[in-house]
Amino acid sequence: MCGRYSLALRPAQVRQMLQDDNMSVDDALDDEGDGAPRQSYNFAPGYHGIVYRADVPDWGAGPRRQRTSTTNEAPSEENAGDDGGDDSSEAQPIKYRLQSMKWGLVPFWTKRNPDYGSMRKTINCRDDSLAQGGGMWSSMKARKRCTVVAQGFYEWLKKDGGREKIPHFVKRKDGKLMCFAGLWDVVHYENDEQKNYTYTIITTDSNKQLNFLHDRMPVILENGSENLRTWLDPKRHEWSKELQTLLKPFDGELEVYPVSKEVGKVGNNSPTFIIPVDSKENKSNIANFFAKGGSKQEAKKQPQVEVKEEEGFVTEDSAKTKEEDKTSVGIKREAEDGSPGDEPPKKVATTASVASNKSSPPHQRTRSKISA
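Residues numbered from 1 in each chain as written. Predicted model: local features only at pLDDT ≥ 70, side-chain atom pairs only at ≥ 80, totals over all residues. Heavy atoms only, no water.

> Please clarify how empty space enclosed by the protein should be interpreted in this entry.
Here the idea is plain: a probe the size of a water molecule rolls over the atoms and shows the empty space left. For the coordinates displayed, the defined rule picks out 2 cavities of 30 Å³ or more. In this model, the largest cavity occupies a volume close to 70 Å³. Lining the largest cavity are 13 residues, and of these Ala54, Ala61, Arg143, Arg145 and Leu232 lie nearest its centre. The set of elements that each furnish at least two residues to the lining of the largest cavity consists of β3 (48-54), α4 (138-143) and α5 (226-232). Its residues assigned to classes, the lining of the largest cavity comprises 8 nonpolar, no polar and 5 charged. Split by residue class, the lining of the second largest cavity holds 5 nonpolar, 2 polar and 2 charged. (1 Å grid on protein atoms, 1.4 Å probe; cavity = no way out; pocket = protein on both sides within 12 Å on 5 of 7 lines; lining within 4 Å. Points joined across faces, edges and corners; volume = space filled by probe spheres on them. Helix = DSSP H or I, 4+ residues; strand = E, 2+ residues; numbered from the N terminus. Nonpolar A, V, L, I, M, F, W, Y, C, P; charged D, E, K, R; others polar.)

> What am I meant to see in the packing of aromatic side chains here?
Between two aromatic rings, the relevant description is the distance of the centres plus the angle of the planes. Taken as a whole and assessed by the stated rule, the structure comprises 13 aromatic pairs. On the numbers, 5.0 Å between centres and 50° between planes, the contact of tyrosine 5 with tryptophan 103 is tilted. Here tyrosine 5, found in strand β1 (residues 5-7), pairs with tryptophan 103, found in strand β4 (residues 96-103); they are 98 residues apart in sequence, far enough to count as distant. You can call tyrosine 5 buried: its relative accessible area is 0%. Under the relative-accessibility criterion, tryptophan 103 is labelled buried at 0%. Geometrically, the ring pair formed by tryptophan 231 and tryptophan 239 is edge-to-face, given 6.0 Å between the ring centres and 85° between the ring planes. Among the aromatic residues, ring-to-ring pairing joins Tyr5, Phe43, Tyr47, Trp103, Phe153, Phe180 and Tyr199 into one connected group. Geometry around tryptophan 184 places arginine 53 over its ring, the cationic atom sitting 4.1 Å from the centre. Lying across the ring of tryptophan 184, lysine 144 places its NZ or CZ 5.5 Å from the centre. (Phe/Tyr/Trp six-rings, centres within 6.5 Å; stacked < 30°, edge-to-face > 60°. Buried < 20%, exposed > 50% of the residue type's maximum accessible area, 1.4 Å probe, protein only. Lys NZ or Arg CZ within 6 Å of the ring centre and 35° of its normal.)

> Can you help me understand the pairing of strand β9 (residues 178-187) in this one?
One face of the sheet, then the other: side chains in a regular strand alternate in exactly this way. Extensive coverage of β9 is indicated by the burial of 10 of its 10 residues. Residues Met178, Phe180, Gly182, Trp184 and Val186 line one face of β9 and the alternating positions Cys179, Ala181, Leu183, Asp185 and Val187 line the opposite face, and both faces are buried. Relative to β9, strand β6 (residues 145-150) is paired through 6 bridges, and the arrangement is antiparallel. The partner of cysteine 146 across the bridge, within β9, is glycine 182. (Pairing = 2+ DSSP bridges.)

On their own, these measurements won't tell you what the molecule is for.
What follows is the structure, encoded as structure tokens:
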């Protein structure tokens, strides 16, 4: 399944990256405002994400279906929403748009806003369920297909019989955006004039790279490919074997690695969530602090101790008596013996000297002794 993914890019960035992959965007989104999608490294069900689809009316691709006079049937798609489109879309060149939609598909015939638990049941749609006739997906799979844009997705590796779950992040090795195959719909709830656009992500069997992690993965369509264009083609408004065969495991190269367990809590959000937990780039990884190489570098950066004359000390490069040499060596040894997390020795020495001077009579402040 796919229950969490990452998309922390502005719509303008997404648009540019898609266009770089030969995916035209004729209608884009604003980066900010009421209709702007959410940006999060920990994208959860119920958030508004970015969907890329053909620009078709709210009833979907193909001609508008007529209302039937049969009683006790679900409302027709015609009642779900009407954006003023016409039936001549097949004669027009295909245009594509980016749209903000809520993750967790709500069918057009729904009368009331579902609770969170019900909505979670439709965040994913199995590819094998689309191979069957009828069902709740029948109208969407033929007329309302889309791709869901992401930087990558999360999956949890279960250990010790499921008692421990280790989150992993999966992304394209080439760094491009992921385009998940999806379905969308639009609904009007009772006593609510607002159009509510929602989507689901289609899943299939895992490929060889991800078999160890989970038995399911999102269907990933290659950016700008003929397969992606076929999937979004509004002229194909009847489900077919050709469309079904597009729903297969990704055969490109992926990167997968464990990440912070903090991603498991909905609401947490950090760029470190998509960085390997054992990476040097991950500042929260305590192992980096104690790394041997890192410790040497920190030691090199330790400030040189310099004792000022006006505070009753002499500098290390000035002429010294034998007693002063012992004092200087004592201070230097303290600096070398301190751990990387200790306060710099200079501050310790200076503080001690000031305190000593303040407590000594004026005639004794000319030169104070410091024990190592």
